[in-house]
Structure formats: C-alpha cells, structure tokens
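One-letter residues, chain by chain:
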Amino acid sequence: MTTLFIDGAVAEDPWVSIDGEQPVPEAEDVIVSLALFEAQRHALLTRNEGRLGVYLEADDQIDAIADDLGKIDLVALDFPSFADGRAFSKARLLRDRHGFAGEIRATGDVRIDQVQHMRRSGFNALAVHHQPTVDSLMEIKDAGLNLFYQPAIEGAEARSSSGGRSWARRAL
Amino acid sequence: MSTLKNPIAFTANNLLDGEVVWLGRNGGWVKSIDEARVFGTEEERAMGAAEAAQADADNLVVEPYEIDLNLDEGRIAPAKFRERIRAAGPTMRLDLGKQAELSQPEALVAA
Amino acid sequence: MYRYDEFDREFVTSRVAQFRDQVERRVSGELTEDNFKPLRLQNGVYLQLHAYMLRVAVPYGTLNSSQMRMLGHIARKYDRDYGHFTTRQNIQFNWPKLADIPDILEDLASVEMHAIQTSGNCIRNVTADHLAGAAADEVADPRPYAEILRQWSTIHPEFLFLPRKFKIAVIGSPNDRAAMQFHDIGLEVRKNDAGELGLRVFVGGGLGRTPMIGKMIRDWLPEEDMLSYCEAILRVYNLYGRRDNKYKARIKILVHETGLDDLKKDIEAEFERIKDGVLKLPDEDVAAIAAYFAPSEFADLPAKDDGLEQAKLDNRSFARWVDRNVVEHAQSGYAIVTVALKGTGEAPGDATSAQMDVLADLGEKYSFDELRVSHEQNVILPHVQLSDLKAVYDALLEAGMASANAGLITDIIACPGLDYCALATARSIPVAQELSQRFADLDCQNDIGDLKLKISGCINACGHHHVGHIGILGVDRRGEELYQVTLGGSGDEQAAVGEIIGRGFSKDEIGDAVETIVDTYLARRLSDDEAFLETYRRLGPQPFKDALYPAKETA
Ligand code: HEM
Ligand code: SF4
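Described below are features of the structure shown in this document. None of these values were measured; they are calculated from a predicted model.

**Re the site of ligand 2**
Part 1: Inspection of the region around ligand 2 gives C:Cys415, C:Pro416, C:Gly417, C:Cys421, C:Leu423, C:Ala424, C:Ser456, C:Gly457, C:Cys458, C:Asn460, C:Ala461 and C:Cys462 as its neighbouring residues.
Part 2: The class makeup of the residues in the shell around ligand 2 is 8 nonpolar, 4 polar and no charged.

**What to know about the interface of chain B and chain C**
Part 1: With 22 residues of chain B in contact, the opposing surface of chain C contributes 29 residues.
Part 2: For the pair chain B and chain C, the two sides together bury roughly 2,200 Å², of which 60% comes from carbon and sulfur.
Part 3: Sorting the residues of chain B by area buried against chain C places B:Leu15, B:Arg82 and B:Met92 first, and these three jointly supply 25% of that buried surface.
Part 4: Our enumeration of links across chain B and chain C arrives at 1 salt bridge.

**Quick look at the nonpolar core**
The nonpolar side chains of a soluble globular protein tend to be buried with one another.
Part 1: Counting 160 residues, the largest nonpolar core has A:Phe37, C:Met68, C:Leu71, C:Leu149, C:Phe166, C:Met226 and C:Trp321 as the members making the most contacts within it.
Part 2: Broken down by element, the residue count for this core peaks at 9 residues, all from helix α6 (residues 226-240) of chain C.
Part 3: Dropping the residues within four chain positions of it, C:Phe166 is found in contact with C:Cys122, C:Ile123, C:Arg124, C:Asp184, C:Ile185, C:Ile233, C:Leu234, C:Tyr237 and C:Ile251.
Part 4: Membership of the second largest hydrophobic core comes to 30 residues, among which are C:Phe439, C:Ile472, C:Tyr521 and C:Tyr536.

**Quick look at the site of ligand 1**
Residue and element names in this part refer to chain C.
Part 1: In the neighbourhood of ligand 1, 23 residues make up the surrounding shell, with Thr87, Lys167, Leu207, Arg250 and Cys462 lying closest.
Part 2: Within the side chain of Arg164, a nitrogen or oxygen atom sits 3.3 Å from an oxygen atom of ligand 1.
Part 3: In the environment of ligand 1, a nitrogen atom lies 3.2 Å from a nitrogen or oxygen atom belonging to the side chain of Lys165.
Part 4: Of the residues belonging to the shell around ligand 1, the class tally is 8 nonpolar, 9 polar and 6 charged.

**Structural notes on the interface of chain C and chain A**
Part 1: Across the boundary between the two partners, chain C contributes 42 residues, which contact 40 residues of chain A.
Part 2: When the two sides are added together, the surface that chain C and chain A hide from each other amounts to roughly 3,700 Å², 56% of it contributed by carbon and sulfur.
Part 3: Considering only the side of chain C, the residues that lose the most area to chain A are C:Phe7, C:Pro157 and C:Phe161, jointly responsible for 21% of the buried surface there.
Part 4: Where chain C meets chain A, there are 7 salt bridges.
Part 5: Among the salt bridges present, the one from A:Arg92 reaches C:Glu158, with a minimum N-O distance of 3.3 Å.
Part 6: Only α1 (6-27), α2 (33-41), α5 (143-153), α6, α8 (260-274) and α9 (283-292) of chain C provide two or more residues apiece to the side of chain C that touches chain A.

**So, the sheet that holds strand β4 (residues 82-85) of chain C**
Residue and element names in this part refer to chain C.
Part 1: Sheet architecture is open: 5 strands sit in the order β1-β2-β5-β4-β13, paired in antiparallel fashion. Edge positions in the sheet fall to β1 (45-47) and β13 (350-352), since each of these pairs with one other strand and no more. This sheet shows a mean twist of 30° between the axes of neighbouring strands, independent of strand direction.
Part 2: The pairing of β4 with β13 spans 3 bridges and is classified as antiparallel.

**Focus: the pattern of salt bridges**
Part 1: Applying the stated rule across the entire model yields 72 salt bridges over all chains.
Part 2: Of the charged contacts, one joins A:Asp13 and A:Arg105 as a salt bridge, the two residues approaching to 2.9 Å between their closest N and O atoms. Of this pair, A:Asp13 sits in the loop between β2 (9-10) and β3 (16-18) while A:Arg105 sits in strand β7 (residues 103-108), and the two are 92 residues apart along the sequence.
Part 3: Taking the relative accessible area as the measure of exposure, A:Arg105 reaches 4% and is therefore buried.
Part 4: A cluster of three or more residues bridged by salt bridges with shared partners is formed by A:Arg92, A:Asp96, A:Arg97, C:Glu158, C:Glu231, C:Arg235, C:Glu270 and C:Arg273.

**Overview of the environment of C:Leu548**
All names here are of chain C.
Part 1: In this structure, Leu548 sits in helix α18 (residues 542-548).
Part 2: The spacing of Leu548 and Asp512 is 36 residues in sequence and 9.3 Å in space, taken between C-alpha atoms.
Part 3: For Leu548, the contacting residues outside a window of four places in its chain are Ile501, Phe505, Ala513, Thr516 and Ile517.

**Some details on the environment of C:Ile510**
Residue and element names in this part refer to chain C.
Part 1: As for its placement among the helices and strands, Ile510 is situated in helix α16 (residues 507-524).
Part 2: Sequence spacing of Ile510 and Tyr483 is 27 residues, and the spatial spacing of their C-alpha atoms is 6.8 Å.
Part 3: Ignoring anything within four residues of it in the chain, the contact list for Ile510 reads Val431, Ile472, Tyr483, Val485 and Phe505.

**Here's the deal with the side chain of C:Glu147**
Residues and elements named next belong to chain C.
Part 1: Tracing the sequence through the fold places Glu147 in helix α5.
Part 2: Residue class for Glu147 comes out buried when judged on its relative accessible area of 0%.
Part 3: A distance of 2.7 Å separates polar atoms of two side chains, one belonging to Glu147 and the other to Gln151.
Part 4: With near-sequence residues (within four places) excluded, Glu147 lies in contact with Tyr2, Tyr60, Ile289 and Phe293.

**Quick look at the packing of helix α3 (residues 65-78) of chain C against helix α12 (residues 353-366) of chain C**
Residue and element names in this part refer to chain C.
Part 1: Where α3 meets α12, the closest approach of the two axes is 8 Å, and the angle between their N-to-C directions is 170°. The angle between α3 and α12 falls in the class roughly antiparallel. Here Ser65, Met68, Arg69, Leu71, Gly72, Ala75 and Arg76 of α3 come into contact with α12, specifically with Ser353, Ala354, Met356, Asp357, Leu359, Ala360, Asp361, Gly363 and Glu364.
Part 2: When its residues are assigned to classes, the contact of α3 with α12 shows 7 nonpolar, 4 polar and 5 charged.

**Details of the coordination of the iron atom of ligand 1**
Part 1: Among protein residues, the single donor to the iron atom of ligand 1 is C:Cys462 (SG), with a metal-donor distance of 2.1 Å.
Part 2: Its place among the elements puts C:Cys462 in the loop between β17 (453-456) and β18 (470-477).

**Overview of the pairing of β17(C)**
Residue and element names in this part refer to chain C.
Part 1: Side chains of β17 alternate between two faces, with Leu453 and Ile455 and Lys454 and Ser456 buried alike.
Part 2: Bridge count for strand β16 (residues 413-414) against β17 is 2 bridges, and the pairing is parallel. Bridge assignment links Ile413 to a residue of β17, and that residue is Lys454.

Thresholds, definitions, all that
- Residues numbered from 1 in each chain as written.
- Chains lettered and ligands numbered in written order.
- Predicted model: local features only at pLDDT ≥ 70, side-chain atom pairs only at ≥ 80, totals over all residues.
- Heavy atoms only, no water.
- Near = heavy atom within 4 Å.
- Nonpolar A, V, L, I, M, F, W, Y, C, P; charged D, E, K, R; others polar.
- Contact = heavy atoms within 4.5 Å.
- Buried area = accessible area lost by both parts, 1.4 Å probe.
- Salt bridge = Lys/Arg side-chain N within 4 Å of Asp/Glu carboxyl O.
- Core = buried A, V, L, I, M, F, W, Y, C linked by side-chain atoms within 4.5 Å.
- Buried < 20%, exposed > 50% of the residue type's maximum accessible area, 1.4 Å probe, protein only.
- Helix = DSSP H or I, 4+ residues; strand = E, 2+ residues; numbered from the N terminus.
- Polar contact = N/O pair within 3.5 Å; in protein donor to acceptor, adjacent residues only side chain to side chain.
- Pairing = 2+ DSSP bridges.
- Axes fitted to C-alpha atoms, helices over the stretch in contact; angles between N-to-C directions.
- Parallel < 35°, antiparallel > 145°, perpendicular 65-115°, else oblique.
- Donors = N, O, S within 2.8 Å, 3.2 Å for Na, K, Ca; no water.

Everything listed here is a matter of geometry and, on its own, says nothing about what the molecule does.
And the structure:
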C-alpha cells in the first residue's frame, strides 16, 4: 500500500505509472521511466492531453531530462534505500538550477526520519510504503527540528533572527 | 543427526546496556561464557538460531550471531581470538570487562 | 572560543530530546535495530566489541575547562572512569549503557557539546590545527572557518546520506599539523598580496584502504566563497561518488577515477552558479564568528623568564620536559604546552576522570580557560605564561601526565584495535605499550629524536599508520596477529604515504623489528641532526630491508 502525501496532506494520485513497452494512454497523466522517455521523447512531449511525469532511478541523472523540463509536470526521484542520498541533491538541482516548479515526488524507501530533509531539499510529494511513516505523517509528527544551520530550498523558513549568521534559518 | 565440525554458541549484546551475552545452558541469555549453551548438531544449531532471532525480534539483544567454540581445555572458549577478547575484556585492562570478575582471565584469552 | 547563543542552545537541546525519543522508541520495540542504527550512528553511538561506544565531538579540538571537567564527570558517572582521545580530535567512551546516553548528551549540552555527526556517512567533526590561535607561524586562526563549516554541515539536509563519510580539516599556517592533505577536503587559510584572507583548497585526500594525498583544486578561494565552494564539492560528490562498493566510495576514489581536471569542471560550474547566492559569506558575519576566537588578553611580557631558566637548571627532568613538550607561542612571554597522554606502558590517548579534572584545573588557572585535543592524541595547554611552566609541570607530574616525550618515538598514535573495536583484525594498544616500554629510556629517545610511530589495528587506518615515519598495521593471518611495517610516511606539508617494507612480523617479533629499524637509522644518519625521516628519504628503503630481512630470507 502506498499513501501519497502532497504538501503534507494525504492526496489522491491521478498519475499512472508506465514503464514497460505498453502504449502510453493519450489522455491520462502518466509517469514514465527514463528509458521510455528517451525512446518516445518526441511523442511524449507533443501529446495534446494528459500531463507528463518522469521517474528517475537512483542511477539516472537530471541532465537526461534537463532540456525538456519546461514540458514536464512531475519528476519522481527514487530512494532505493535509506542510505542512498543522491535524490536529495537531484531535487535541489531541479529547484535551484533548473527552476523546476512542478511536483517532485519521493518514491521508494521514504522514512519519517528523512522527511524533513526531503522537504528542505525540494520535494513536495511523498509516496510512502512504510506504515509507521504513514502513521507519523498522518499525525503530522515531523521528526525534524525547527532550527537550521544552512539555507535550503526557500519555503517555510526565514532567516534566523540570530544576528551575524547569514546561513542560519528558522522554520516559520 | 548431523554433528557440526565445531561446537558452536550464539552470542549478541544486550539491547539496554550493551553487555556481551550468550544463549545460556538453562535458557535465556547469560553474561558469562562458562554458562553458555553448546550446540553440537545441525538440528540444535537451527533451534539456537531461531531462539536468537526471536530474542532479536523481541528487542532483548542486538545483532546475534554464532561463534565457533574450542572445548579442548575442558572449558568453553571461543575459537577466534576476537571472541575470546569479547568473552574476557580488553587484554591490557584486566580490570575491565568480564575478566574483572573471572577467576583466571588470562587462561581465557590465551586459550 | 566559540560560545553558544540561544539558537545553538535550542538546537542542541531539541536534538537531545529527539534522540531521547528515538531511544525510547527503540527500547519499547517500536524501532527495530535496522531503523535505529542509522539514527544512533548520527548521534555518535556505536556498538563495539564489549559494549556501546559514544563518540563525542570536540569541534576543531578546542575546549574549555568546564567542558573538560564534564568529560571527566561523564567518564566517572556513566563509564569506567576513563575516556579515549582520538586522532580525529574526538573523545570516545567505551562502556556507556544505551539507556544512559540521552542523559549523557544532556549533560554534554549543558556545557555546549554534542555528539552530532561523529559517525555515519555525513560530514564529520571538522578538525583543525591544534595550535590554532597560539602558533608562532600562524597566518590566521583556522577555527572561525572550521566553526562556520561546522554550523553549515550540521544536519545539512542534502548531505546526511553521502556515499561515505566526509572529513574536512582546516589549517592556518604553512606548517601542516593537522594532516590536512589526508582529508576529503583540506583547507589552508592564506593571505594574498593585498592582505585579504582566502583559502587554498585540497580535495580527495584520505587514508584507509587506499591512502591518497589530497590534490590542490584551488590555489586561492576568497573566504566569502568558502561555503559555496564546499557545497559545490559535496553536491558533485553526492551525485557521482560510487555507491556500489564501500571501499571505493570516498571522494578520493571519485577524484582518482574521474581525474581532477574533469571533476573540477563540474565543481567549478556548480560553484559559478551558486557563488553569488545565499551561501556567500558577508564580511561582518565572518568577523562576528572570528571575534569569538580573538586572542586572549595576554600580558606584555619579556621573551625570557629568569625564573624559568633557573628552574630548568635546578631540575633536569623539568628542563627536558620543557625542551620536548613546550613550544614557542606567537605572544612573547607565553608558551604552548603539550601534555603527552603517553606515559610509559600506557594506552595512547587514554585519560582518567581524575586526569581530566587536573587538565581542566590547569586550563582554567594557567591557560585562559582553554585546552586542545591534538590528532596525536595529546592534550594541549595553548597559552601558558613562561613563569607558570614549572607549576604546570609539577601538577602534571603529580597526576602522571608529565611524560617528556612529545614528538619522540614513544609519543605513539594507536587506534583502539582488537581490544575494543568490532572491525579490528589485530590489537594495537598492546603493541604501543610494548614499544613504549622498550624505548622508555629518555636519553635513548632523545638521541633518536623526532620520530612518528603510528599503529592501526586494521586497514581502516584510524591510527594513521600510512603517515607514520614508522607505520604499523595489524592484520589477521589465519587467526594470528601479524604486523606490517611501512616506512617514510608523513602527514605534514610534505605529505607522503609510507611504503610497505616487506613481509609482516608476529606480535613477538614486532618490537625487535622496530628496534632494528631504529638501529639502522642511528647507524646510517649523517649526524645527530638528521631526523629519521630525512635519513629515510636520503637512503630509501633498501638499508632497512637489508637489516630486517637478512640475505638468507630474501634469497
Ligand atoms: C572504535 C570504533 C571505530 C570504528 C568502527 C572506526 C571505523 C572506521 C572506518 C570503517 C574507517 C575507514 C573509512 C574509509 O576508508 O572509508 C575509519 C577511518 C578512520 N578513522 Fe576510525 N573507527 C573507529 C575508531 C576510530 C578512532 C578511535 C579514531 C582515532 C584514534 C579514528 C579515526 C579515524 C581516522 C583518522 C580514519 C582515517 C582517515 C580517513 O577517513 O581516511 N577512528 N574508521
Ligand atoms: S583502524 Fe581498524 S581496528 Fe583501529 S579503530 Fe579503526 S576500524 Fe578499529
């Protein structure tokens, strides 16, 4: 069972994941694998209806979709394990370097103890399997702290009132 | 009944205080290797492994594993040097670890 | 030194509360060991051979007396009355109970200390020259930079799950006392012709299985760009560092496999993009942090103290201790004292609670409330008046800490090894103890002169053996401890990785082998002034090989 959270709230998932050789439905919102995206790039980018999402595995780099981000509405980034932190930097690059404003969705091993780091790196959606994490998120029990020693994705954080430290932030 | 090449025991650390323990002769986990249960056959080993895994799942001990034993000296001693040190304590601080309460600590490490 | 403000205090306190909650969830069974392990590691809690181990950060090696006293208190109350100072300027407690650790962290927080990121694949405790702010050869104090880096790297959301651990060291003088080039990032604070401060940046140094000397990636980086540049390096590393093999996961391997030039392109491109952003350091913020490290209020004193000179004449042991363990201070009339935690036959780096109390008192009374931990596992009193040296010495003597062997062959670095460490393949402390006894005679040690002997109990190289003038690595060969010897390593500004000299030695043989090496050096040096490393560099390994492995064996 996967529960989807968008901006902190449980949400219905309108997206369909397509990865194999199956045809891409014309009018639906689809999330395709990078391989599929590369194989059918032109057709996918010129569909008339239905939004486009791309799913990047941990080994896939942002560069592969960077030029087309203007036509992509969602990027799903995989956490193959708790210990693999590559997706944090990818989310950060999507927001900061590419100015991507669509949904960035965390998939795979999404655990409560990392949720705050995901948000601060630019994720706004979480597809969660891990039941204790679902439970904690339902209770809005965030495992993080409210003070930060570094600027991250600009969002619900303000410069800390603490003087003389341009890098410190405080949750609003 | 298939006999193991080496007799074995199961060891772990207590979750709460981290102390080294072994599956005991009379059930439960014991703090002295002298009271450890010795497993000699495949069947016993499977039982021991299940018991250890259960204790792990019950959050009594952390990361249990089996160790080879050496029974030559008439006393239970681990075959590996590392495990002998775990059973006794740091070799250069005889006042620390289990050896602090043992009668013949050197014998264990030197075994 | 740095003091917490409200922000830091609130941060550390809530972190302790968070960990207390995690420990409770673990004990209640809500968290399994699999879930809990990464969380405990990020708070410095390991499981070692005999028990849990807690590693407490001493950021860039600087601490005040109440902090040192608290370390002693923790050792006494929760542990077995001692602690182990490490090559990473940390302290480790070897016997804490898991259930006590939240209380220990709370005690630490009360004196502005913590154990955050002392383990795990994140940016670890930032280290620095242990003579920072005192050394006569210093261009600028590296600690403000280390402190800014410490803050920026603390719970950095993007860099907590890196391919592998990441270590940063900062020095502020041309003489490298922090093995800076053996860190993932090494920074050297410098001044340009215009008198501005900036950094020379090295990347990809490290020890472990594949020792590598860091490569210079930037000869000059304006100080305002320090965080942006480090963030660019870390981002590139996080994205591209290998994750398929943990022995190839450090940034040194990425540098090696990608090549510095190609990697530099990526790093510089990312740096260009972010350098004028939020991480750019405002001058006034750097100044505000630097103000914490402003020089103490030193008295105006002559460079020579007659009382000291007389005391040296009166007491030969004291004179010897001054010669070896006291070095020049930037301020006239003051000196830097090395308290060598290397008494004959003792475990390198271990100090008892009572000794920590004495050190705390001495720091308070004679060193402007400041102490340092060196990567050589010693404690430093950085600012002692010349006229107080005798009193300091007397107190150290009484507490068993007056070994006059700083920098000598018995000033050994040794990791915990198989006596404590779950990863070890052989013991290191007993080897250090044996060598310390063998060379105990001070005349003989002084005759040998500067010689760095470093011992690790496995290939991870926590004991820095690769950079020992004589390095010893303990391995396991079919259940027996075997010791491999490397010669010619050096962790200073002329960085070098030691060369393996030949087949290893058993525990019974290793003492004789070291003695043979030393005898060979003594016989072949050009003069008393030619140090071991110089002789080795001049002669190469052959004479040492010949002495260690007589012909019948090599044939
Ligand atoms: C007792 C628990 C310890 C464990 C489990 C441990 C583990 C490790 C491991 C696995 C590495 C290799 C990392 C790599 O190459 O990727 C390493 C490196 C290192 N450790 Fe430890 N260590 C321990 C204690 C210490 C102590 C006591 C010190 C200081 C005396 C220390 C200082 C270092 C240093 C300086 C390095 C090499 C520098 C580098 O990272 O390349 N460690 N440690
Ligand atoms: S070098 Fe090996 S034995 Fe020594 S502390 Fe490091 S991991 Fe343990």
